[in-house]
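This is what each chain is made of:
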Amino acid sequence: MNWDETAPATADDAGAGRLVGADADGEDQAVEAALRPKDLGEFVGQERVRVQLDLVLKAARQRGGTADHVLLSGAPGLGKTTLSMIIAAEMGAPIRITSGPAIQHAGDLAAILSSLTEGEVLFLDEIHRMSRPAEEMLYMAMEDFRVDVIVGKGPGATAIPLELPPFTLVGATTRAGLLPPPLRDRFGFTGHMEFYAPAELERVIHRSAGLLDVVIEAEGAGEIAGRSRGTPRIANRLLRRVRDYAQVKADGLITREIAARALDVYDVDGRGLDRLDRAVLTALLKLFGGGPVGLSTLAVAVGEERETVEEVAEPFLVREGLLARTPRGRIATPAAWTHLGLTPPQQGGAAQQGLFEG
C-alpha cells in the first residue's frame, strides 16, 4: 500500500529479484498503481508525518496558494512516492514525476521547470543523486521561482532569466545525509519515514487483500506482517506470493499455517530473513566463531560481492540486532546464535578471529 522506489546504485543489481528486497520491480509498480491510497485518510502508518503534512496542506488550501516544498526521507518501500501523489491529489494539482539520476545537466532541469503549470507538484525521487549544476539551478527555482538559462558558450554566453509559476517540489531520498545543507534548508517541510510496526503492516495487508479479492484471516495477516521487515512494499509482495500458494495448494483462504508454509517455500523465515541473510549469519557463526571478521573476508565466504553484503544484507541484520559493525570487523550478537539454533563458543574460543580482519 505505501511504497517508494530506488535503492543505492551499487546495490540495485545485487538486490534484484529478492522477495524481501525493498526496491520495486516491474510487477510491483504495476500492482502498486492499483493499491496506492488516494488520500491521507487511507494512508496507513507514519502517523506523525501524516498529521504534520495534513496541517501543511490544509493551511495552503485555505490561503489559496501552493504548498511549501516537501522533503521525504527514509528507506525504500515506506511510502514516499505514495505521499507525493497524495500531496498532489489533496492540492487538486497535477504531478510530474522524475528522478535525480535522470537529471544530468542543468538544461534537463530547466526544460522540466519551464513546462510546469501553476500549482503543479514536481516529484523528484532520489534527489541526492542529481548533478551539481542542476542542483544549483534548483536553489533559485525553489526560492525565487526563477531560473537563469545560459545561452551560448564562453565569453559570449548570456544568462536569460526565466520566471516560473509557483510550484511545489516534493523531494525523496533514501540518504538524507548526502543532501547539501543549502538544498535541505529550502524545504519548508521535512518528514522522515519510519519502518512500520507489525500491527500497521497487518492493516496494510488487510486493505490490500480486500483490493486484490483475497480472503485472509487475522492470524494469516499477522504471519505475513511479521516477515515483512517493517516495509509495506515487502508485505504486499509476500501477500501476493502467499495468495498464489493458497490458490494452488489450499482452498484460497490464507490462514497462519498456510502463510507460514508458503513463505517457508520462498525461503523467508519467521523474522524476514532470506537465503542471503542466513548465508551471511551462517558463515559468520560457523566459519568465524561469531567474529570479528572483515567485510571482504565475509563476502568471499558467502560467494557474494562486498557491496552486496554491505548494502543488501547488512542493514537489515544490524537493524534486527543480529549483527554488529565494529572497528575490528563484523561480529554476531547472541540473538544471531539463538536465531540459527546454534550454541555460542566458550569465551576465548574466538581468540584467533583477529586473523580474519580486513
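Residues numbered from 1 in each chain as written. Predicted model: local features only at pLDDT ≥ 70, side-chain atom pairs only at ≥ 80, totals over all residues. Heavy atoms only, no water.

Colleague: Give a detailed account of the overall build of the protein, specifying residues and quantitative values.
Modeller: From N to C terminus, the protein includes 15 helices and nine strands. By the burial criterion, 48% of the 358 residues in the protein qualify as buried. Long-range pairs, those at least 24 residues apart, make up 73% of the contacts in the protein with a sequence separation of at least 6. Here the protein has roughly 16000 Å² of accessible surface; of this, 53% comes from carbon and sulfur atoms. (Helix = DSSP H or I, 4+ residues; strand = E, 2+ residues; numbered from the N terminus. Buried < 20%, exposed > 50% of the residue type's maximum accessible area, 1.4 Å probe, protein only. Contact = heavy atoms within 4.5 Å. Areas by Shrake-Rupley, 256 points an atom, 1.4 Å probe, with all protein chains shown as cover.)

Colleague: Provide a residue-level description of the pairing of strand E6 (residues 168-173), including the pertinent values.
Modeller: Within E6, six of the six residues are buried, which leaves it mostly tucked inside the rest of the structure. Burial along E6 is two-sided: the face carrying Thr168, Val170 and Ala172 and the face carrying Leu169, Gly171 and Thr173 are both buried. Of the strand pairs in this sheet, strand E1 (residues 70-73) and E6 are connected by four bridges, and their pairing is parallel. Looking at E6, one finds that Ser73 is bridged to Thr173. (Pairing = 2+ DSSP bridges.)

Colleague: Just give me the short version of the confidence of the model for the protein, but keep the residues and values in it.
Modeller: A residue-level look at the protein finds 87% of positions with pLDDT of 70 or above and a mean pLDDT of 84. Within the model, pLDDT remains below 50 along residues 1-14, and this stretch shows 72 contacts once partners closer than five positions in the same chain are excluded. Taken as a whole, residues 348-358 scores under 50 in pLDDT and shows 18 contacts with residues more than four places along the chain or in a different chain. (pLDDT = per-residue confidence, 0-100.)

Colleague: Lay out unusual backbone geometry in plain terms, naming residues and giving numbers.
Modeller: Positive phi, close to 45°, is recorded for Glu126, a residue that is not glycine. One can find Glu126 in the loop between strand E3 (121-125) and helix H6 (132-144). Given a relative accessible area of 1%, Glu126 falls into the buried group.

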